[in-house]
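Each chain is listed here by its residues.
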Amino acid sequence: MKSISGKQEELANLLVRARRNVSQFSLPDDLVPDTALEAYAVNQTVAERLGWEPLGWKIAGTTDAVRGKLQLDGPIYGRTFRRFACASPAHFKAAELLDPLIECEFFVTLAHDLPPRDAPWTFPETIEAIAEVHAGIEVAECRYPRKALPPLPGILADGSASGRYVFGDRIETWREGLASVPVRLEVDGALRREGVGADVMGDPLRPLWWLAEQRRQWGDGLRAGETISTGSMTGMLPIRAGQHVRARFGDVATIEITIDL
């Protein structure tokens, strides 16, 4: 584990408390990590102190539109937790969600480790480590109020707003390619967003390769059984109490979520 400073310890404690209490707080300027490296170290500390069973990782900022909106130079990532994974159709209570955002993604689960090593991973090696791919929706949440978001390192420390993960159907034909799979996001029966697999770095499996390299360089790699959400093809859509969400992944999968009052 990479060491953290006293300031980062304080931020980690605040984030642990917010995760456990399902609450938000305004991040003081003097607690914002100075670098992305420091922020990711805080995120690791938070996960270790929570002690929750890991699900895997989320990746964000994988489309030009999202990077532009968030003013990112490249993708970002964060840890996810198995207690927040469920199958479609899903129901969530509005009072238990923190400024939720709907993101339509592919969920990739690994069959084999991608451990740290000296040589970079190749894209084919990364593909061979995959066990299965599901259509998915992340209900992203942030421990900071949407109206008072801190600079990016503060968000990275919070796992890049990792939230809840709704698994749709397994995509049996994923090896034939996912770039051409269209995605339509509907709210209360009305089309709100559209996208296609190729919107995500040209191929929605490329973010997995990117993350494998990030974690190789960090020194711990990726592990068999972890699920990685590879980035939204439909941007970030706010959702409110009483609304019903349906995402259609071409003719291969449908995911439904209801936000109960």
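Cut-offs used in this document
- Residues numbered from 1 in each chain as written.
- Predicted model: local features only at pLDDT ≥ 70, side-chain atom pairs only at ≥ 80, totals over all residues.
- Heavy atoms only, no water.
- Helix = DSSP H or I, 4+ residues; strand = E, 2+ residues; numbered from the N terminus.
- Rg over C-alpha atoms; globule rule 2.2 N^0.38 Å.
- Contact = heavy atoms within 4.5 Å.
- Areas by Shrake-Rupley, 256 points an atom, 1.4 Å probe, with all protein chains shown as cover.
- Lys, Arg positive; Asp, Glu negative; His and termini not counted.
- Charge placed at Lys NZ, Arg CZ, Asp CG, Glu CD.
- Buried < 20%, exposed > 50% of the residue type's maximum accessible area, 1.4 Å probe, protein only.
- Pairing = 2+ DSSP bridges.
- UniProt positions renumbered as here; feature names shortened; annotations may be inferred.
- Salt bridge = Lys/Arg side-chain N within 4 Å of Asp/Glu carboxyl O.
- Expected span 1.5 Å × (residues − 1).
- Arc of directions from axis to C-beta.

**A few points about the overall build of the chain**
Counting secondary structure elements, the chain contains six helices and 13 strands. Over its C-alpha atoms the chain spans a radius of gyration of 17 Å, differing by no more than 12% from the 18 Å that the globule rule assigns to 261 residues. The principal-axis extent of the C-alpha atoms belonging to the chain is close to 50 × 50 × 30 Å. In the chain, the share of contacts with a sequence separation of at least 24, taken over all contacts with a separation of at least 6, comes to 77%. Surface exposure of the chain reaches about 11,300 Å², of which carbon and sulfur atoms provide 49%. If you average the places of the 30 positive and of the 36 negative side-chain charges in the chain, the two averages end up 4 Å apart.

**Thoughts on the pairing of strand β6 (residues 130–140)**
Within β6, nine of the eleven residues are buried, leaving the element largely enclosed by the surrounding structure. Bridge count for strand β5 (residues 101–110) against β6 is ten bridges, and the pairing is antiparallel. Along β6, the bridge assignment pairs L101 with A140. Pairing of β6 with strand β7 (residues 164–170), which is carried by five bridges, proceeds in the antiparallel orientation.

**Here we look at the UniProt feature "domain: Fumarylacetoacetase-like C-terminal" (unreviewed entry) in the chain**
The sites that carry the UniProt feature "domain: Fumarylacetoacetase-like C-terminal" (unreviewed entry) are, in the present numbering, residues 103–258. Span residues 103–258 is 16% helix and 36% strand, its end C-alpha atoms 14 Å apart.

**What to know about the pattern of salt bridges**
According to the stated counting rule, one finds 18 salt bridges in the structure shown. The shortest N-O distance in the salt bridge between E53 and R82 comes to 3.2 Å. Here E53 is found in the loop between α2 (36–50) and β1 (54–60), whereas its partner R82 is found in the loop between β2 (76–81) and β3 (85–87), with 29 residues between them in sequence. Among the salt bridges present, the one from E141 reaches R164, with a minimum N-O distance of 3.1 Å. Taken together, the residues E141 in the loop between β6 and α5 (152–157) and R164 in strand β7 connect sequence positions 23 residues apart. Looking at R164, the relative accessible area reads 11%, which means it is buried. Look at the salt bridges and you will find they share partners, linking E186, R246, R248 and E256 into a network.

**Observations regarding helix α1 (residues 6–21)**
Relative to the 22 Å expected for 16 residues at 1.5 Å per residue, α1 spans 23 Å between its end C-alpha atoms, a close match to the ideal helical length. Every buried residue of α1 is listed here: Q8, L11, A12, L15, V16, A18 and R19. Within α1, the buried residues cover an arc of 165° as seen down the axis, which keeps them to one side. Away from the buried face of α1 by more than 90 degrees, exposed residues G6 and N21 are located. Along its buried surface, α1 packs onto α2, β2 and α5. Positive phi appears at V22, one or two residues downstream of α1, with a value of about 50°.

**With respect to the pairing of β2**
Here β2 lies mainly inside the structure; six of its six residues are buried. Sheet topology places β1 next to β2; six bridges connect them, and they run antiparallel. Looking at β2, one finds that I59 is bridged to Y77.

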